[in-house]
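Each chain, letter by letter, is given below.
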Amino acid sequence: MAFNLEARLAERRAASLYRQRPLLSTPQGPEVVVDGKPLLAFCNNDYLGLANHPEVIAAWRAGAERWGVGGGASHLVIGHSTPHHALEEALADLTGRPRALLFSTGYMANLGAITALVGQGDSVLEDRLNHASLLDAGLLSGARFSRYLHNDPASLRARLAKASGDTLVVTDGVFSMDGDLANLPALAGEAKAHGAWLMVDDAHGFGVLGAQGGGAAEHFGLGLEELPVLVGTLGKAFGTAGAFVAGSEALIECLVQFARPYIYTTSQPPALACATLKSVELARAQGWRREHLAALVRQFRAGACALGLTLMPSETPIQPIVLGSSARAMAWSQQLRERGLLVTAIRPPTVPAGSARLRVTLSAAHTEAQVTRLLEGLAECQALAEPADA
Ligand SMILES: *Cc1c(COP(=O)(O)O)cnc(C)c1O
C-alpha cells in the first residue's frame with residue numbers, strides 16, 4: 001500500500017483548511033515584513049512587547065559570552081547550569097510557589113506534567129477547549145480521559161463524580177483561541193471537594209494578568225492548596241522561549257524523576273535563561289505595559305462593538321472575531337492583508353467546526369493609532385464582504 005499524501009493535501013485544500021507559513025523577515029513587533037510585504041500585525045503572542053526588547057537582547061548576548069550557546073546535555077546529566085537555576089528561583093518567586101521547574105517548551109511541560117502525574121487507573125478531566133498540548137497529554141497518559149463543557153463547573157462536577165484513581169482537572173487559565181478567563185475559583189472548589197488536583201496552563205495569562213504579571217493565579221489569589229499544578233510558558237508575554245511548572249517541593253521532585261519530556265531532552269541554552277530572567281524582571285516591574293495593553297483592549301472592543309462585529313467575552317489581549325466558515329475567515333484575512341493588516345484566520349480543527357475566526361491579538365507594543373487602523377480596516381472589510389457572504 002502506498003501513502004497517498006497528494007490526495008490528503010488536495011482534500012485539505014478543498015476544505016479551505018490548508019495551512020501555510022508566512023515568512024517573516026523582520027523581528028517580532030507591530031510592524032513586520034511578511035512574504036516581502038510590510039504589514040501591521042495583530043497576531044503574535046508577544047503581549048508585553050518584550051520579544052525584541054533591547055535589554056532582553058543584551059542579557060541574551062551577555063549570557064552567550066559568559067555561558068556559551070548550548071545547554072550541552074540534559075538537566076540530569078550536566079546540562080543544568082546556574083542561569084537555569086536562577087530562572088527557576090525567579091519563577092518560583094513570581095508564582096509564590098516553593099519551586100519551579102524549567103522545560104524547553106510549553107508543549108513539553110504539559111506532556112511532562114500530565115503523564116508524570118496520572119496513568120492507568122487514574123482520571124484526567126479537561127475543558128473541551130483546552131490547548132492541543134493538554135489534550136494530547138491527557139490521551140497519552142493512559143488515564144481515563146474525559147472532557148467537560150467549556151468553563152462549566154457543573155459539568156466538571158458530574159464528571160468528577162464518576163472519576164476514579166488519582167484525578168487531575170486540567171484547564172487553560174486564559175483560553176488560547178477565545179481569550180476568556182477560566183473560572184478558576186469555582187473549578188478549584190469542585191476539584192478540592194472531590195479530592196482531585198487542579199492543573200492550570202496559564203500560557204496566555206502570565207505577564208498579562210495580576211498586578212505583578214503573575215497571571216490568573218495572582219488575579220484570583222489562588223495558592224498551592226487550591227491550585228497545586230501551575231504551568232506557564234515563556235514564549236508569549238515573556239517574549240523568549242521555554243516553559244515551567246510551579247508547585248510544591250514534592251511535585252517538582254516528582255517531575256524531575258518521572259517527567260519524560262524533562263528527562264530525555266537537552267536543556268535550553270543557558271543564555272536563553274539569562275534573557276528570560278531579564279524579561280521576567282521587566283514584566284514584573286513595568287506595570288505600565290499591562291495598563292497600556294488593557295487600554296488598547298478597551299479601545300478595540302469599543303470600536304469593534306460599534307461596527308457590530310461578533311466579539312467573544314474576553315477581557316484579555318486575545319480578541320477573536322468569529323466569522324463562521326473557514327472560507328469566510330480566509331476571505332476577511334485576505335482583505336485585511338490587502339489593506340496592509342496581518343490578522344491570521346484560525347480554522348478547525350484548532351477551533352470547533354463553524355467557528356472559524358480572525359484571532360486578533362494586541363500587544364503593549366501597539367499604539368492607539370495602530371488599533372485605530374485595524375478598526376478602519378475591519379470596517380472596510382465588513383462593507384465589502386457582508387452583502388456577498390452574509
Ligand atoms: C502556546 C501554548 C502552549 C505551548 O507552549 P510552547 O512553549 O509554545 O510550546 C501550551 N499551552 C497553551 C495554552 C498555549 O497557548
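1. Re unusual backbone geometry
The bulk of non-glycine residues show a negative phi, and the bulk of peptide bonds are trans.
Line of reasoning, step 1. Note the cis peptide between Pro 348 and Pro 349, where omega equals 5 degrees.
Line of reasoning, step 2. By secondary structure assignment, the location of Pro 349 is in the loop between strand S12 (345–346) and strand S13 (356–361).

2. Remarks on the environment of Pro 228
Line of reasoning, step 1. Within the secondary structure, Pro 228 sits in the loop between helix H9 (215–220) and strand S8 (229–233).
Line of reasoning, step 2. For Pro 228 and Ala 295, which are 67 residues apart along the polypeptide, the C-alpha to C-alpha distance reads 32 Å.

3. A look at the nonpolar core
Line of reasoning, step 1. In terms of nonpolar packing, the biggest core is built from 71 residues, with Phe 42, Phe 300, Ile 321, Leu 358, Leu 362 and Leu 378 touching the most fellow members.
Line of reasoning, step 2. Two domains each donate at least three residues to this core, and these are domain 1 (17–48 + 287–383) and domain 2 (54–285).
Line of reasoning, step 3. Leu 378 has contacts with Phe 300, Leu 307, Leu 309, Ile 321, Trp 332, Leu 336 and Leu 358, leaving out every residue within four places of it along the chain.
Line of reasoning, step 4. Counting 25 residues, the second-largest nonpolar core is a separate cluster that includes Val 124, Ala 143, Ala 243 and Ile 263.

4. Description of the site of the ligand
Line of reasoning, step 1. As a structural note, the neighbourhood of the ligand is formed by 14 residues, with Gly 106, Tyr 107, Asp 201, His 204 and Lys 236 the closest of them.
Line of reasoning, step 2. For the ligand, an oxygen atom lies 2.5 Å from a polar atom in the side chain of His 204.
Line of reasoning, step 3. At a separation of 2.7 Å, an oxygen atom of the ligand approaches a polar side-chain atom of Lys 236.
Line of reasoning, step 4. For the ligand, the accessible surface in isolation is 380 Å², of which the surrounding protein chains cover 80%.
Line of reasoning, step 5. With three residues, the top contributor of residues to the shell around the ligand is helix H5 (residues 106–117).
Line of reasoning, step 6. Here the shell around the ligand is composed, by residue class, of two nonpolar, nine polar and three charged.

5. Some words on the domain arrangement of the protein
Line of reasoning, step 1. For the protein, the assigned domains read domain 1 (17–48 + 287–383) and domain 2 (54–285).
Line of reasoning, step 2. Placing the centre of domain 1 and that of domain 2 at their C-alpha centroids yields a distance of 26 Å.
Line of reasoning, step 3. Taken together, the contacts link 21 residues of domain 1 with 21 residues of domain 2.
Line of reasoning, step 4. The tally of links between domain 1 and domain 2 comes to one salt bridge.

6. Considerations on the side chain of Asn 44
Line of reasoning, step 1. By the element assignment, Asn 44 lies in the loop between strand S2 (37–41) and helix H2 (54–67).
Line of reasoning, step 2. The class of Asn 44 is buried, set by a relative accessible area of 18%.
Line of reasoning, step 3. Separated by 3.0 Å, the side chains of Asn 44 and Gln 28 make a polar contact.
Line of reasoning, step 4. Excluding anything up to four places from it in sequence, Asn 44 contacts Gln 28, Gly 29 and Thr 361.

7. As for the packing of H5 against helix H6 (residues 132–141)
Line of reasoning, step 1. Put simply, H5 and H6 touch, their axes get as near as 8 Å, and they point 30 degrees apart. For the pair H5 and H6, the sense of crossing is right-handed. Facing H5, whose interface residues are Tyr 107, Asn 110, Leu 111, Ile 114 and Thr 115, H6 presents Ser 133, Leu 134, Asp 136, Ala 137, Gly 138, Leu 140 and Ser 141.
Line of reasoning, step 2. Its residues assigned to classes, the contact of H5 with H6 comprises six nonpolar, five polar and one charged.

8. Quick word on the sheet that holds strand S1 (residues 31–34)
Line of reasoning, step 1. One open sheet accounts for three strands, arranged S1-S2-S11; its pairing is mixed. Single-partner strands in this sheet number two, and they are S1 and strand S11 (341–342).
Line of reasoning, step 2. Two elements, S1 and S2, share four bridges in a ladder whose sense is antiparallel. Within the sheet, the bridge partner assigned to Glu 31 lies in S2 and is Leu 40.

9. Details of the packing of aromatic side chains
Line of reasoning, step 1. Enumeration over the complete set of coordinates arrives at three aromatic pairs.
Line of reasoning, step 2. A centroid spacing of 5.4 Å and a plane angle of 65 degrees characterise the contact between Phe 103 and Tyr 262, whose relative ring orientation is edge-to-face. Of the two residues, Phe 103 sits in strand S3 (residues 99–103) while Tyr 262 sits in helix H11 (residues 260–263), which places them 159 residues apart along the sequence.
Line of reasoning, step 3. Judged by its relative accessible area of 2%, Phe 103 falls in the buried class.
Line of reasoning, step 4. For the ring pair Phe 206 and Phe 244, a centre distance of 5.2 Å and an interplane angle of 70 degrees mean the geometry is edge-to-face. Here Phe 206 is found in the loop between strand S7 (197–201) and H9, whereas its partner Phe 244 is found in strand S9 (residues 243–247), with 38 residues between them in sequence.
Line of reasoning, step 5. Its relative accessible area of 1% is what places Phe 206 among the buried residues.
Line of reasoning, step 6. Every member of this aromatic cluster is reached through a ring pair, and the members are Phe 206, Phe 238 and Phe 244.
Line of reasoning, step 7. Of note, Arg 13 hangs over the ring of Tyr 18, and the distance from its end group to the ring centre comes to 4.1 Å.

Cut-offs applied
Residues numbered from 1 in each chain as written. Predicted model: local features only at pLDDT ≥ 70, side-chain atom pairs only at ≥ 80, totals over all residues. Heavy atoms only, no water. Helix = DSSP H or I, 4+ residues; strand = E, 2+ residues; numbered from the N terminus. Core = buried A, V, L, I, M, F, W, Y, C linked by side-chain atoms within 4.5 Å. Buried < 20%, exposed > 50% of the residue type's maximum accessible area, 1.4 Å probe, protein only. Domains from an automatic or database assignment. Contact = heavy atoms within 4.5 Å. Near = heavy atom within 4 Å. Polar contact = N/O pair within 3.5 Å; in protein donor to acceptor, adjacent residues only side chain to side chain. Areas by Shrake-Rupley, 256 points an atom, 1.4 Å probe, with all protein chains shown as cover. Nonpolar A, V, L, I, M, F, W, Y, C, P; charged D, E, K, R; others polar. Salt bridge = Lys/Arg side-chain N within 4 Å of Asp/Glu carboxyl O. Axes fitted to C-alpha atoms, helices over the stretch in contact; angles between N-to-C directions. Left-handed = near helix turned anticlockwise from the far one by under 90°. Pairing = 2+ DSSP bridges. Phe/Tyr/Trp six-rings, centres within 6.5 Å; stacked < 30°, edge-to-face > 60°. Lys NZ or Arg CZ within 6 Å of the ring centre and 35° of its normal.

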